[in-house]
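Remarks on the overall topology
Single-letter residue listing:
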Amino acid sequence: MVAYKALKALANTEMALFAQDTSLRYLWLFNAEGSWLATAHNGDTDHDFLPGPAAEKSTSIKQDILRTHKPARFELPILSGEAVRWFDIRIDVDRNDAGEVIGIIGTSLEITEQKRREETLKTLLREVSHRSKNLLAIIQSLASQTARHSLTVPEFLVRFRGRIQSLASSQDIVTDTDWRGADLFGLVTLQVERYAPDGMDQIQFDGIDVYLSPTAALHVGLALHELAVNAASYGSLSVPGGRVSIRSGLEERGGATLLLLEWTESRGPRVRVDHDPRFGTSTLERIVPNSVGGEAELDYQPDGLQYRLRIPSNQFELI
């Protein structure tokens, strides 16, 4: 009665049971429907219904069990259509009442979903590792550029800390969107508003909103940070009534579609010809455009700073 109830309970699970004699012919199968044993019949061996490599693997392990009398566990991949199904198989020797080995007895449980989750996790970990290395490379480059144009250690620390905070803020947006990237409007508000005395009232933002790739989001955020810091220190955000106009739009060039991002300052102090060389020109003119595969222009017009950044279509998508 107990054995009957146990088998009845197992019938409601995805576990299959089987037994084979010492010649590895199946003696009986239970709950095999839907598993790799679905087409097996009593008297068959694995070679009668399994593909060659799977049959060889299964038979070899079972022969070892008969020889060593030690239980074993292995995973068996089975091609089903265009997909692969995975099964966790546990086997031990089967003995009669006299203790003699009369074959093997085993269980099989499908673990396809578990294997898929494991593969997804591995892919995510590889992606995290890749992005972490990219981020470290950005930080290393920023540290080098900041040190090159800083006259004192305190100055270096202030500039470098600001750039790291900019990266961290952009990274938060990227993470919140499951690594999809960041929307341009949100990035502008995040990176620029904090440096405007009157908030976004001093910022005019016109144009199209796009989703920037994670790489583009970090570097565009960094460019906006450099521009905002300079505007707050020397430019149009350093005086009451100063204005910053930010425009975004699509531009066709040579059959390719580019995102054009323009930063224009007005109503600020007259721009000096001998501008501060410590301002992040290398970041704006080289690091940012090179990192996104685009190009940039930085102009010191008397009535205000102008910056144009062109970004190729593989780094953004329209919202």
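Conventions used here
Residues numbered from 1 in each chain as written. Predicted model: local features only at pLDDT ≥ 70, side-chain atom pairs only at ≥ 80, totals over all residues. Heavy atoms only, no water. Buried < 20%, exposed > 50% of the residue type's maximum accessible area, 1.4 Å probe, protein only. Helix = DSSP H or I, 4+ residues; strand = E, 2+ residues; numbered from the N terminus. Arc of directions from axis to C-beta. Pairing = 2+ DSSP bridges. Axes fitted to C-alpha atoms, helices over the stretch in contact; angles between N-to-C directions. Contact = heavy atoms within 4.5 Å. Phe/Tyr/Trp six-rings, centres within 6.5 Å; stacked < 30°, edge-to-face > 60°. Lys NZ or Arg CZ within 6 Å of the ring centre and 35° of its normal. Expected span 1.5 Å × (residues − 1).

If you check which residues of helix 5 (residues 184-192) are buried, you get Leu184, Leu187, Val188, Gln191 and Val192. With its buried residues spanning 100° around the axis, helix 5 presents them on a single face.

Let us look at the sheet that holds strand 13 (residues 316-318). Ordered by their spatial adjacency, three strands build an open sheet running 6-8-13, and the pairing between neighbours is antiparallel. Looking at the sheet topology across the chains shown, the edges are occupied by strand 6 (182-183) and strand 13. Across two bridges, strand 6 lies against strand 8 (residues 210-212) in antiparallel orientation. Counted as the bridge partner of Asp183 is Tyr211 from strand 8.

This paragraph deals with the sheet that holds strand 1 (residues 15-21). Pairing within the open sheet is antiparallel, and its five strands lie in the order 2-1-5-4-3. Only two strands of the sheet have a single neighbouring strand rather than two, namely strand 2 (26-30) and strand 3 (72-80). Averaged over all pairs of adjacent strands, the angle between their axes in this sheet comes to 25°, without regard to strand direction. As paired strands, strand 1 and strand 2 are joined by four bridges and run antiparallel to one another. By the bridge assignment for strand 2, Phe18 is matched with Leu29. Relative to the sheet, helix 2 (residues 52-68) contacts strand 1, strand 2, strand 3, strand 4 (83-95) and strand 5 (101-110), its axis offset from that of strand 3 by approximately 165°.

To continue, consider the packing of aromatic side chains. Tallied over the full model, the rule gives six aromatic pairs. Of the aromatic side chains, those joined through ring pairs into one cluster are Phe18, Tyr26, Trp36 and Phe49. Over the face of the ring belonging to Trp86 we find Lys115, whose NZ or CZ atom lies 4.4 Å from the ring centre.

Moving on, we get to helix 2. An ideal rise of 1.5 Å per residue puts 24 Å on 17 residues; helix 2 measures up with 24 Å between its terminal C-alpha atoms. Where helix 2 is buried, its residues contact strand 1, strand 2, strand 3, strand 4 and strand 5. Within two residues after helix 2, His69 carries a phi angle of roughly 65°, on the positive side.

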